[in-house]
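Coordinates in review
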Amino acid sequence: MIRGRRRELQDEDVLEVSATAEAIVVEGVDKWFRQHRRSQPFCALRSVSFTVGAGEFVALIGESGCGKTTLLRMVAGLIPADAGRILVDGEPVAGIARHIGFVFQNPALLHWETVAQNVELGLSGVGRKLTKERRRQLVAEQLALVGLESFARYHPYQISGGMQQRVGLARALIANPKILLLDEPFGALDAFTRARLQEELARLVAVKGCAALLVTHDVEEALYLASRVVVMGSRPGHVAAVVPVPGTVPRDRQAFVADPEMARLKAHVVSLITGQGSGGEA
Ligand SMILES: Nc1ncnc2c1ncn2[C@@H]1O[C@H](COP(=O)(O)OP(=O)(O)OP(=O)(O)O)[C@@H](O)[C@H]1O
Ligand SMILES: [Mg+2]
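If you're wondering where the values come from, they're calculated on a predicted model, not measured in any experiment.

Time to look at helix α6 (residues 191-208). Taking 1.5 Å of rise per residue, 18 residues should cover 26 Å, and α6 covers 25 Å from first to last C-alpha, within 8% of that figure. Every buried residue belonging to α6 is among Thr 193, Arg 194, Leu 197, Gln 198, Glu 200, Leu 201, Ala 202, Leu 204 and Val 205, and all of these are buried. Sitting at the head of α6, Asp 190 places a side-chain oxygen 3.1 Å from the backbone nitrogen of Phe 192. Looking one or two residues beyond α6, the residue adopting positive phi is Gly 209, at roughly 70 degrees.

So, in structure tokens, the structure goes:
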């Protein structure tokens, strides 16, 4: 009888674990690089641990060179970790993951292809099973979602930087990834375009229901978009603090700007980045 009860509990536990599985688990990760074949290796990242929950939006912030891009590349399976483990959707990362969308700082579009063809490239991992008509339909839906339906036949050099970045977003999202990785996607844009695209990104991630890990240099962008901010320190790169951001995402811009708690948090995160903070949670 007791044994039966225990068995039941175990099964429930397993169900519970899979229902609340983290989208990304980074645990005790180290990364070493060499500048030349004969130079001494240096430690770029040491004992990095953090998680991104399913459907959660997490921002990664820290000074230049602390290893943010390296971390994203390891999560995406583009380069291996030298110690520790990385789980994506509960599975250890092994090679380039198909169910991850990647948005780069520079949208990296093919200039000889049209906007629609660039977006369709996002289906290359899954697209062979789709009919031509279905691919066309998915591209049209995705373009509408990022407000570019009338620019399908344009080439990247015929549209603005903000629109190019939207194409990059559409390409990353078209295959409905469970996880979206973004490496300073709005760094090169003016403040107005940046704010508009932040709002679009928040909406798109909510609509798609995917988890997002965003690398940014902009503390306000991190606080506006994320529900937790991972603050990194340098030499070697490490997690200095994980700061929870109150309220729910996507946020209302006006309420966010007017919220004195956000101004306080901004000062706190800046102090953590510059090494003048006390560390730990806000
Ligand atoms: N392939 C590589 N070979 C050697 N060193 C590398 C390589 N990739 C990154 N590094 C080094 O690792 C460190 C972290 O680089 P990374 O690009 O991850 O930093 P980052 O935090 O993204 O910086 P930024 O904010 O300027 O983009 C740097 O010192 C960089 O020179
Ligand atoms: Mg970088």
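Time to look at the side chain of Asp 183. Considering the arrangement of structural elements, one finds Asp 183 in strand β7 (residues 179-183). Despite its burial, Asp 183 pairs with no opposite charge, the nearest such side chain being Lys 68 at 7.0 Å. Of the polar contacts made by the side chain of Asp 183, one reaches the side chain of Thr 69; its length is 2.8 Å. In contact with Asp 183, other than residues within four places in its own chain, are Thr 69, Leu 72, Phe 102, Val 103, Phe 104, Gln 105 and Val 215.

Moving on, we get to the sheet that holds β7. As summarised here, the arrangement of the six strands in space is β6-β7-β8-β3-β9-β10, forming an open sheet in which the pairing is mixed. Bordering the open sheet on either side are β6 (100-103) and β10 (238-244), each of which pairs with just one other strand. Sheet twist, expressed as the mean angle between neighbouring strand axes with direction ignored, is 15 degrees. Examined bridge by bridge, strand β3 (residues 57-61) and strand β9 (residues 228-233) share four bridges and lie parallel to one another. When the bridges of β9 are listed, Ile 61 appears paired with Val 231. Along the sheet, helix α9 (residues 260-273) contacts β3, β9 and β10; its crossing angle with β10, the most-contacted strand, is approximately 175 degrees.

It is worth spelling out the side chain of Glu 221 at this point. Relative to the helices and strands, Glu 221 resides in helix α7 (residues 219-225). Under the relative-accessibility criterion, Glu 221 is labelled buried at 2%. Apart from residues lying up to four places away in sequence, Glu 221 is in contact with Phe 186, Arg 194, Gln 198, Leu 214 and Thr 216.

Side-chain positions along a regular strand alternate between the two faces of the sheet. Judged by how many residues are buried, β9 sits mostly within the fold: five of six residues are covered. Of the strand pairs in this sheet, β9 and β10 are connected by six bridges, and their pairing is antiparallel. Bridge pairing links Arg 228 to Pro 244 in β10. Turn length for the β9-β10 hairpin, with the two strands adjacent in sequence and antiparallel, is four residues, and the turn residue Arg 235 shows positive phi of about 50 degrees.

What follows concerns the packing of aromatic side chains. Per the counting criterion, the structure on display carries four aromatic pairs. Relative to Phe 42, the ring of Phe 33 has its centre 6.3 Å away and its plane inclined at 45 degrees; by these criteria the two rings are tilted. Note on Phe 42: relative accessible area 36%, which makes it partly exposed.

Surrounding ligand 1, one finds 14 residues, the nearest of these being Ser 64, Gly 65, Lys 68, Thr 69 and Thr 70. Contacts to ligand 1 include Ser 64, whose side-chain N or O atom sits 2.5 Å from an oxygen atom. Between ligand 1 and Gly 65, the relevant distance is 2.8 Å, taken from an oxygen atom to a main-chain nitrogen or oxygen of the residue. Notes on ligand 1: free accessible area 630 Å², of which the protein chains cover 66%. Of all the secondary-structure elements, those providing two or more residues to the shell around ligand 1 are β2 (42-53) and α2 (68-75). Tallied by class, the residues present in the shell around ligand 1 amount to four nonpolar, seven polar and three charged.

On to the nonpolar core, then. The biggest cluster of nonpolar side chains holds 51 residues, and the ones touching the most others in it are Leu 180, Leu 201 and Val 229. The greatest single-element share of this core, amounting to six residues, is contributed by helix α5 (residues 161-173). Sequence-distant contacts of Leu 180, that is, excluding residues within four places in its chain, are made with Gly 101, Val 103, Leu 169, Ala 172, Leu 173, Leu 201, Val 205, Cys 210, Ala 211, Ala 212 and Leu 213. Listed in part, the 30 residues of the second largest apolar core include Leu 71, Ala 76, Ile 179 and Val 215.

Taking strand neighbours across the sheet as the criterion, the four strands line up as β2-β1-β4-β5 in an open arrangement whose pairing is antiparallel. Edge strands, defined here as strands with exactly one partner in the open sheet, are β2 and β5 (91-92). Pairing geometry for strand β1 (residues 22-33) and β2, over eight bridges, is antiparallel. Looking across to β2, one finds that Val 26 is bridged to Phe 50. Lying on the sheet, α2 is in contact with β1, β2 and β4 (83-88); it crosses β1 at an angle near 120 degrees.

Each value, and the rule that gives it
- In this convention, every chain numbers its residues from 1, walking through the sequence in written order.
- Ligands are numbered from 1 and chains lettered from A, in the order in which they are written.
- Residues qualify for local features only when their pLDDT is at least 70, as the model is predicted, and side-chain atom pairs are given and counted only at 80 or more; totals for whole chains, interfaces and linings, by contrast, use all residues.
- With hydrogens and water stripped out, all remaining heavy atoms of the structure feed into the side-chain values.
- By definition, any uninterrupted DSSP run of H or I lasting at least four residues is a helix, any uninterrupted run of E lasting at least two residues is a strand, and each is numbered from the N terminus.
- The span one expects for a helix is its residue count, reduced by one, times 1.5 Å.
- Relative accessibility decides the category of a residue: with a 1.4 Å probe and only protein chains considered, values under 20% of the type maximum give buried, values over 50% give exposed, and everything between is partly exposed.
- Distance and chemistry together define a polar contact, namely a pair of N or O atoms within 3.5 Å, with one atom able to donate a hydrogen and the other to accept it when in protein, and with adjacent residues in sequence counting only for side-chain atoms on both sides.
- Under the counting rule used here, the positive set is Lys and Arg, the negative set is Asp and Glu, and His together with the chain ends is not counted.
- Each salt bridge in this description consists of a side-chain nitrogen of Lys or Arg and a carboxyl oxygen of Asp or Glu lying within 4 Å of one another.
- Contacts are assigned to residue pairs with any non-hydrogen atoms lying within 4.5 Å of each other.
- Should DSSP find at least two bridges between two strands, the strands are regarded as paired.
- Working convention: axes come from line fits to C-alpha atoms, limited for helices to the stretch in contact. Angles between N-to-C directions cover 0 to 180 degrees.
- Two rings belonging to Phe, Tyr or Trp (six-membered ring only in the last case) form a pair when the distance between their centres is within 6.5 Å. Interplanar angles under 30 degrees mark stacking, angles over 60 mark edge-to-face geometry, and anything in between is tilted.
- For this description, a residue counts as near a given molecule or strand if any of its non-hydrogen atoms is within 4 Å of it.
- Residue burial considers only the protein chains on display, and all accessible areas are found by Shrake-Rupley using a 1.4 Å probe.
- Residues are sorted three ways: Asp, Glu, Lys and Arg are charged, Ala, Val, Leu, Ile, Met, Phe, Trp, Tyr, Cys and Pro are nonpolar, and all the rest, Gly among them, are polar.
- In these notes, a set of buried Ala, Val, Leu, Ile, Met, Phe, Trp, Tyr and Cys residues joined through side-chain atoms within 4.5 Å is what counts as a nonpolar core.

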